[in-house]
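Chain and residue survey
This is what each chain is made of:
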Amino acid sequence: MPEGPLIRRARDDDAAATARLLYLTSPGGFTLFGGSERGGLRLIERAFATPGNDCAREVITLAELGGEVAGVLSAFPADEGAERRRHFIRVTLRHRPPWRWLRIVRLGRAGSRRSPAPPPGSFYIDSLATGGRFRRRGVAQALLAEAERLARERGLGSLALDTRESNSGARALYERLGFEVSAKVPGAPPIPALVGYVKRLG
């Protein structure tokens, strides 16, 4: 019987593997922030090494299969979200030319305004991704179980996340695991239509 994923906290040497997976969660967004696909990946690696933002190593959990990084989770208490997103924008601005700053700030604000608001006192799953070769092997489910464990460890009463309305596979998984729709936000390019989910922890 095949072994399930090994779940562990991210280490300093996981920057490149983490960046490749986090990039999958929003290729268009990271490309806009970084200026290109390569720039987006480099930006995530810089953010990973910079504490306090929503891609920083301290909020990253990884899943391994066969010794390879197969999936990534970025999660933290919801009340940290606004400051972590602002810090990510600051990391971005330090590495982009000044004439790009206004567009980056506007994009960051638009993303924050249009994202479904997680309930106070929840543990927010900011990003969740599985590498293409490792799908349908329990990676996302194992990472979500770890998010629930971390939430309970912190005494938080719910899990919250959001995803693209068009992401039917992810939505089916969340609903099967007990998440309920909490909000629907129509798209406004470049931000797609989003669906918010909450899972109450008894």
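Please refer to the structure higher up on the page.
Here the structure is a predicted model, which means the values were calculated and not measured.

**Some words on helix H4 (residues 81–94)**
Counted at 1.5 Å a residue, the expected span for H4 with its 14 residues is 20 Å, and the 20 Å between its end C-alpha atoms agrees. Turning to H4, the residues buried within the fold contact helix H2 (27–34), helix H3 (37–48), strand E3 (68–77) and helix H5 (101–114).

**Notes on the nonpolar core**
One finds Phe 33, Ile 60, Val 72 and Phe 88 to be the most contacted residues of the largest nonpolar core, which totals 31 residues. It is helix H1 (residues 15–25) that contributes the most residues to this core, five residues altogether. With residues near it in sequence (within four places) discarded, Phe 33 still touches Leu 43, Phe 88, Ile 89, Thr 92, Arg 96, Ile 104, Leu 107 and Gly 108.

**So, helix H6 (residues 139–153)**
Helix length check: H6 (15 residues) gives 21 Å between terminal C-alpha atoms against 21 Å at 1.5 Å per residue, within 8%. Three or more residues of H6 are buried, namely Val 139, Ala 140, Ala 142, Leu 143, Leu 144, Glu 146, Ala 147, Glu 148, Leu 150 and Ala 151. Positive backbone phi, at 75°, marks Gly 155, one or two positions downstream of H6.

**Re the environment of Glu 37**
Along the chain, Glu 37 falls in helix H3. C-alpha of Glu 37 to C-alpha of Glu 3: the two residues are 34 residues apart in sequence and 34 Å apart in space. If near-sequence neighbours (up to four positions away) are discounted, Glu 37 is found in contact with Tyr 23 and Thr 31.

**A few points about the side chain of Ser 127**
Inspection of the secondary structure assignment puts Ser 127 in strand E4 (residues 122–130). For Ser 127, the contacting residues outside a window of four places in its chain are Leu 22, Thr 25, Val 72, Leu 73 and Ser 74.

**Regarding the sheet that holds strand E6 (residues 180–185)**
In space, the seven strands of this open sheet follow the order E1-E2-E3-E4-E5-E7-E6, with mixed pairing throughout. Every interior strand has two partners, whereas the edge strands, strand E1 (6–9) and E6, have only one. Adjacent strand axes in the sheet meet at a mean angle of 25° when their direction is disregarded. Pairing geometry for strand E2 (residues 60–65) and E3, over six bridges, is antiparallel. The residue of E3 that forms the bridge with Ala 63 is Gly 71.

**Digging into the pattern of salt bridges**
Inspection of every chain in the model, using the stated rule, returns 14 salt bridges. Note that Arg 149 is salt-bridged to Glu 146, the shortest N-O span being 2.8 Å. With Arg 149 and Glu 146 both in helix H6 and three residues apart, this pair spans about one turn of that helix. Measuring nitrogen to oxygen at the nearest pair gives 3.0 Å for the salt bridge that ties Glu 148 to Lys 199. With Glu 148 in helix H6 and Lys 199 in strand E7 (residues 194–200), this residue pair connects regions lying 51 residues apart in the sequence.

**Focus on the pairing of E2**
Within E2, six of the six residues are buried, which leaves the element mostly enclosed by the surrounding structure. Looking at chain direction, E1 and E2 are connected through four bridges and run antiparallel. In the sheet register, Arg 9 faces E2, and the bridge partner there is Thr 61. Hairpin connection, E2 to E3: the antiparallel pair is bridged by two residues, and Gly 66 has positive phi, about 60°.

**Let's talk about the packing of aromatic side chains**
Tallied over the entire structure, the rule returns six aromatic pairs. Their ring planes at 25° and their centres at 6.4 Å tell us that Tyr 23 and Phe 30 sit as a pair that is stacked. Here the two residues Tyr 23 and Phe 30 agree in accessibility, since each one is buried. Ring centres of Tyr 174 and Tyr 197 lie 5.8 Å apart, and the angle between their planes is 65°; this geometry places the pair in the edge-to-face category. Linking Tyr 174 in helix H7 (residues 168–176) with Tyr 197 in strand E7, this pair joins segments that are 23 residues apart in sequence. In this pair, the class of Tyr 174 matches that of Tyr 197, namely buried. Three or more aromatic residues link up through ring pairs in this structure, and these residues are Tyr 23, Phe 30, Phe 33 and Phe 88. Above the plane of the ring of Phe 76 lies Arg 84, whose end atom (NZ or CZ) is 5.5 Å from the centre.

Reading the values: rules and limits
Residues numbered from 1 in each chain as written. Predicted model: local features only at pLDDT ≥ 70, side-chain atom pairs only at ≥ 80, totals over all residues. Heavy atoms only, no water. Helix = DSSP H or I, 4+ residues; strand = E, 2+ residues; numbered from the N terminus. Expected span 1.5 Å × (residues − 1). Contact = heavy atoms within 4.5 Å. Core = buried A, V, L, I, M, F, W, Y, C linked by side-chain atoms within 4.5 Å. Buried < 20%, exposed > 50% of the residue type's maximum accessible area, 1.4 Å probe, protein only. Pairing = 2+ DSSP bridges. Axes fitted to C-alpha atoms, helices over the stretch in contact; angles between N-to-C directions. Salt bridge = Lys/Arg side-chain N within 4 Å of Asp/Glu carboxyl O. Phe/Tyr/Trp six-rings, centres within 6.5 Å; stacked < 30°, edge-to-face > 60°. Lys NZ or Arg CZ within 6 Å of the ring centre and 35° of its normal.

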